[in-house]
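# Secondary and tertiary structure notes
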Amino acid sequence: MASSSLSDPLLALWLDHPEKAVTTALGPEKGKSTPVVWQRDFSADVKIAHNQLDSIQTLIGLTEKSNDLAPDRLRALLTKQTTTSSQAAAPTPPLPPPENELLALLQSPPETASFAWDIHYEWKQAAEELREFLQDVQRFVSYYAWIETKIEGKLVARTLVSWTGDFQTEWNFPIPSGIERLHARSLQLALASRTALLRTTTLILTGAILTLPLLAHPGNILLTLPAVWRFIQRLRQELAQTQQNDSASNTS
Amino acid sequence: MAVDFETSLREAAETIAHYVKDAATLTVETRYVIVDDDGDIDFSQAKPLAQTVIKLDGDSSLVAPMRLRDGRLELDADLLRLHNANVQTAIDYRARILSSLLEMMQSIEL
């Protein structure tokens, strides 16, 4: 997956491994299948290994937080825009950058006759990113997940997980001290990233419906999907920036 | 481009519908391999250690790891704990992922 596309930072944590096609007895996916692999190669120092997982947890946390925030921000924008347009021109506070960009994209999709070429370029760029993301998600849901834990390059555990949660775990005995917990944590993060990716996809779809009234001209959700995709990406960047600023001010 | 969106979404919805339909049981299996004298590992030789099957109708079964000691069978508590940790993760994951899959399927059908 990461080898072909980096459409989303969470998808980039998973790899395609066609050479690892296996026969599995897992649930509805039994038979020959090509897994996507969550492969983490850790330091033998368990403390350093957990630090490696901390940064992944932060990334997943950002996606979960932006998934939580996005619906409220979209609803607030919709309320504000419909209220503003029905009232006399009154001074309103400026919109945050993700909302600003969303409105710009919604008001100039490529089907409109506009000379705002830079906006058209941005819309097409967002549409291309979304197309890649949806293709990746479609491939992602077609496979079970393979979560591997390596220590200094040596495989110590792997768990195969079907989409509905059938598990098959293989341990390399004897299990070194602390590795059981490390693999369990890596497994939980892999599953959290899977759930977060699905939620992001759902949000793009529901957000596209929600923002239909904001289109400059009547249209369908195929016109709003790229704009909402871009909004969700920008929201995550905004949260990452805020988090970075917070940690900088805490350390100074 | 629009056709691409629709195709990807439709195919994802079909795949998800298939998963949800087949979610009547939850199977958790734990296996093991032993490192050989050269330090090599061959996961294709993994042997079963424990298996839990939980059915939607409430039935469940567990094949537990036992050890023969002094002619008596004993439950291997450490291995069972290792297996049970995965069972709990699987149960938690099943609840979350089914809810997400259904939510996604509904939004695709809107």
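Refer to the structure printed above.
Thresholds applied
- Residues numbered from 1 in each chain as written.
- Chains lettered and ligands numbered in written order.
- Predicted model: local features only at pLDDT ≥ 70, side-chain atom pairs only at ≥ 80, totals over all residues.
- Heavy atoms only, no water.
- Helix = DSSP H or I, 4+ residues; strand = E, 2+ residues; numbered from the N terminus.
- Buried < 20%, exposed > 50% of the residue type's maximum accessible area, 1.4 Å probe, protein only.
- Contact = heavy atoms within 4.5 Å.
- Areas by Shrake-Rupley, 256 points an atom, 1.4 Å probe, with all protein chains shown as cover.
- Salt bridge = Lys/Arg side-chain N within 4 Å of Asp/Glu carboxyl O.
- Expected span 1.5 Å × (residues − 1).
- Phe/Tyr/Trp six-rings, centres within 6.5 Å; stacked < 30°, edge-to-face > 60°.
- Lys NZ or Arg CZ within 6 Å of the ring centre and 35° of its normal.
- Buried area = accessible area lost by both parts, 1.4 Å probe.
- Polar contact = N/O pair within 3.5 Å; in protein donor to acceptor, adjacent residues only side chain to side chain.
- Nonpolar A, V, L, I, M, F, W, Y, C, P; charged D, E, K, R; others polar.

A few words on the overall build of chain B. Helix and strand counts for chain B stand at two helices and five strands. By residue count, 37% of the 110 residues in chain B fall in the buried class. Counting only contacts in chain B whose residues sit at least 6 apart along the sequence, the fraction spanning at least 24 positions is 45%. On chain B, roughly 6,600 Å² of surface is accessible, and the fraction owed to carbon and sulfur atoms is 50%.

The next point concerns the pattern of salt bridges. Following the criterion strictly, the structure yields 16 salt bridges over all chains and no others. Note that Arg230 of chain A and Glu122 of chain A form a salt bridge whose closest N and O atoms lie 2.7 Å from each other. Linking Arg230 of chain A in helix α5 (residues 221–251) with Glu122 of chain A in helix α3 (residues 117–140), this pair joins segments that are 108 residues apart in sequence. The exposure class of Glu122 of chain A is partly exposed, given its relative accessible area of 27%. Arg31 of chain B is the partner of Glu29 of chain B in a salt bridge, and the nearest nitrogen-oxygen pair spans 2.6 Å. By relative accessible area, which is 13% here, Glu29 of chain B ends up buried. The structure contains a network of salt bridges with shared partners spanning Glu101, Glu122, Glu129, Arg230 and Arg234 of chain A.

Think of an α-helix as 3.6 residues a turn; residues three or four steps apart then line up on the same face. Taking 1.5 Å as the rise per residue, helix α4 (residues 179–210) of chain A with 32 residues should run 46 Å; its terminal C-alpha atoms sit 45 Å apart, in good agreement. The buried fraction of α4 of chain A amounts to 24 of the 32 residues, a majority that puts the element mostly inside the structure.

Residue and element names in this part refer to chain A. If you walk through the whole model with that rule in mind, you get three aromatic pairs over all chains. Ring geometry for Phe133 and Trp229: centres 4.7 Å apart, planes at 35 degrees, overall tilted. Residue Phe133 is found in helix α3, and its partner Trp229 is found in helix α5; the two are separated by 96 residues along the sequence. A cation sits over an aromatic face here: Arg40 above Trp38, 4.7 Å from the ring centre.

Here we take up the interface of chain A and chain B. Taken together, the contact pairs 47 residues of chain A with 48 residues of chain B. Surface buried jointly by chain A and chain B totals about 4,200 Å² across both partners, of which 66% is contributed by carbon and sulfur atoms. For chain A, the biggest contributors to the area lost against chain B are Thr164, Phe167 and Phe173 of chain A; these three give 16% of the whole. Inspection of the region where chain A meets chain B yields one salt bridge. When the shortest N-O distance is used, the salt bridge between Glu180 of chain A and Arg81 of chain B registers 2.9 Å. Where chain A meets chain B, there are 12 residue pairs in polar contact (both at pLDDT 80 or more). Breaking the side of chain A that touches chain B down by element, the ones donating at least two residues are α3, β6 (154–161), β7 (167–173), α4 and α5 of chain A. In terms of residue count, the dominant contributor to the side of chain A that touches chain B is α4 of chain A (12 residues). Here the residues of the side of chain A that touches chain B are counted per class, giving 24 nonpolar, 14 polar and nine charged.

Note that every value here comes from positions in space, so none of it alone points to a role or purpose.
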